[in-house]
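Examining the three-dimensional arrangement
Listed here are the chains, written in short residue letters.
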Amino acid sequence: MNDTTLAEFSYFIENFGSNNSAPAERRCKILLSTSGDQVLSRMYAARGYSLGDSGCSADRTTLAVQIDGQAMGTLSLHMDDGHLAAEEQYPEFISHLRSRGTRICELGKFAIDPAVRSKRVLGAIFHMSWIAAFRARGATDLIIEVNPRHVGFYRQALHFEQVGEERHCARVGAPGVLLHLDNHKMNRLVAELRGRRSTSQRDNSFLSYCFSADEEEIILARFFENEANASHRRCWAPVPALRRRVQIQGGGGAVSTLTGGSSVPACPTLHHGQRPDAFNTP
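The residue numbers shown here count from 1 along each chain, following its written sequence. Under the rules for a predicted model, residues below a pLDDT of 70 receive no local features and side-chain atom pairs below 80 are neither given nor counted, while totals for whole chains, interfaces and linings still include all residues. As a rule here, side-chain values cover all heavy atoms of the structure and leave hydrogens and water aside.

**A few points about the overall build of the protein**
Selection rule: Helix numbers and strand numbers start at the N terminus; a helix is a DSSP run of H or I with at least 4 residues, a strand a run of E with at least 2. Should any heavy atoms of two residues lie within 4.5 Å, those residues are counted as being in contact. Using the Shrake-Rupley algorithm and a 1.4 Å probe, accessible areas are obtained, with residue cover drawn only from the displayed protein chains.
Looking only at helices and strands, the protein features six helices and 12 strands. Counted over contacts in the protein with a minimum sequence separation of 6, partners at least 24 positions apart contribute 68%. Of the roughly 13,200 Å² of accessible surface on the protein, a fraction of 47% belongs to carbon and sulfur atoms.

Shown next as structure tokens:
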């Protein structure tokens, strides 16, 4: 196993059903992983879905979530290599995107343990997937097939748009709906909303829980460091060099510095505004 930690942070959950009203602190790690199928198999089996063929592709990236050292979630990214899983149900839309010269990244095999119950964690793993897809891999468009009952979550919390009607997905033995998000919309919304926590109960966007701009640069650099150190190199899209000097507050009060040509610091401890979150995953 050759997992690489990309980010690590603390978050809080409420102790429901407990006489102690103090929120419980948890520690989350998000990693580049080679072992996400264990979590996925458990989550899919609990819902009566089939896992299908995981495959092994040079254009596939798997992110894993660990909570207090335990595997609790996973999400995979698959760059378009001529065959995307969504083509089986939505060939016309995939053909349309390709005809426009887009670079497609397909999100899939997403599973998160219901016990996680945190907007902070869900916002972080999806932002991590956008960093990997749009910035590290040079994608222009994201697609994802989801169960129809989860469409509202992806549209309201993550700002995806529905582009296909409900169709049966034979791979998992369940209905699916195709959703889409492009890099221009994502960049605009992240810049506008991250760090701006709303007190409104009607505000369901998770973008306020994204990493800061400085943290994003650290994470992106760790993607590149992982590739540079890998025994086999995958084909990554060219990305402009990191020229901007970035400073980020690390654990223990020390400041870690990253420049375009420097080595990347060991995975920084990412400090965000900490507040209790209670959220049931979709």
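**Overview of the pairing of strand β2 (residues 24-32)**
Condition: We treat two strands as partners when DSSP finds at least two bridges between them.
Inspection of the sheet shows strand β1 (residues 4-13) paired to β2 by nine bridges, in the antiparallel sense. What sits directly across from Ala7, in β2, is Ile30. The sheet contact formed by β2 and strand β3 (residues 60-67) spans five bridges and is antiparallel. Its bridge partner being in β3, Cys28 is matched across the sheet by Ile67.

**Quick word on helix α4 (residues 151-158)**
Definition in use: Classification of residues uses two cut-offs on accessible area relative to the type maximum, computed with a 1.4 Å probe and protein chains only: under 20% is buried, over 50% is exposed, and between them is partly exposed.
Burial in α4 covers these residues: Val151, Phe153, Tyr154, Ala157 and Leu158. On its buried side, α4 packs onto β5 (104-112), α3 (119-136), β6 (141-146), β7 (161-162) and β9 (174-182). Where α4 terminates, the next one or two residues include His159, which has phi positive at roughly 70 degrees.

**Description of the pattern of salt bridges**
Quick reminder of the rule: Salt bridge, as used here, is a side-chain nitrogen of Lys or Arg placed within 4 Å of a carboxyl oxygen of Asp or Glu.
The final tally for this structure, using the stated rule, is 13 salt bridges. Linking Arg135 and Glu216 is a salt bridge whose minimum nitrogen-to-oxygen distance equals 3.1 Å. Here Glu216 lies in helix α6 (residues 213-229) and Arg135 lies in helix α3, a separation of 81 residues in the sequence. As a salt-bridge pair, Arg167 and Glu165 come within 2.7 Å of each other at their nearest N and O atoms.

**So, the packing of aromatic side chains**
Aromatic ring pairs are defined here through the distance separating the ring centres and the angle between the ring planes. As a reminder of what qualifies: Classification of ring pairs rests on two measures: the distance between centres of Phe, Tyr or Trp rings, Trp counted by its six-membered ring, which must be within 6.5 Å, and the angle between planes, read as stacked under 30 degrees, edge-to-face over 60 and tilted in between. By the criterion adopted, a ring carries a charge over it if an Arg CZ or a Lys NZ lies within 6 Å of its centre and within 35 degrees of its normal.
For the structure shown, the criterion picks out seven aromatic pairs. Through a chain of ring-to-ring contacts, the aromatic side chains of Phe110, Phe126, Phe153, Tyr154, Phe160, Phe206 and Tyr209 assemble into a single cluster. Taking NZ or CZ as reference, Arg120 lies 3.9 Å from the ring centre of Phe9, over its face.

**Some remarks on the nonpolar core**
Within soluble globular proteins, side chains that are nonpolar tend to cluster in buried spots. Just so we agree on the cut-off: Think of a nonpolar core as a cluster: buried Ala, Val, Leu, Ile, Met, Phe, Trp, Tyr and Cys residues, connected wherever their side-chain atoms sit within 4.5 Å.
Ranked by size, the top nonpolar core spans 56 residues in total, and within it Trp130, Tyr154, Phe160 and Phe223 carry the most contacts. A total of 12 residues in this core trace back to one element, the largest contributor, which is α3. In this structure, Tyr90, Phe93, Ile104 and Leu178 belong to the second largest nonpolar core, which totals nine residues.

**A word on the packing of α3 against α6**
Rule in force here: Here an angle of 0 to 180 degrees is reported between the N-to-C directions of two axes, which are lines fitted to C-alpha atoms, with helices fitted over the stretch in contact. Handedness of a crossing follows from how the near helix is turned relative to the far one, being left-handed for an anticlockwise turn of less than a right angle and right-handed for a clockwise one. Gly is put with the polar residues, along with every residue not named as nonpolar or charged; the nonpolar set is Ala, Val, Leu, Ile, Met, Phe, Trp, Tyr, Cys and Pro, and the charged set is Asp, Glu, Lys and Arg.
In the contact formed by α3 and α6, the axes pass within 10 Å of each other and the chain directions differ by 60 degrees. Between α3 and α6 the crossing geometry is right-handed. Listed contacts from α6 to His127, Met128, Ile131, Ala132, Arg135 and Ala136 of α3 are Glu216, Glu217, Ile219, Leu220, Phe223 and Phe224. The residue makeup of the contact of α3 with α6, split by class, is eight nonpolar, one polar and three charged.

**Observations regarding unusual backbone geometry**
Of note, the phi angle at Asp68 is positive, near 50 degrees, even though the residue is not glycine. Within the secondary structure, Asp68 sits in the loop between β3 and β4 (70-79). Residue His159 is not a glycine yet carries a positive backbone phi of 70 degrees. Positionally, His159 belongs in the loop between α4 and β7. Classification of His159 as buried rests on a relative accessible area of 17%.

**So, the pairing of β6**
Put simply, the test is: By convention, orient the strands away from the viewer: a clockwise path from the first strand over the helix to the second makes the crossover right-handed.
Where burial is concerned, most of β6 is hidden: six out of the six residues are buried. Burial of β6 is two-sided: the residues Asp141, Ile143 and Glu145 facing one way and the residues Leu142, Ile144 and Val146 facing the other way are all buried. The sheet contact formed by β5 and β6 spans four bridges and is parallel. Paired with Cys105 across the bridge in β6 is Leu142. This β-α-β element, β5 to α3 to β6, shows right-handed connectivity. When β6 meets β9, the two strands line up antiparallel, connected through six bridges. Across the sheet, residue Leu142 finds its bridge partner in β9, namely Leu181.

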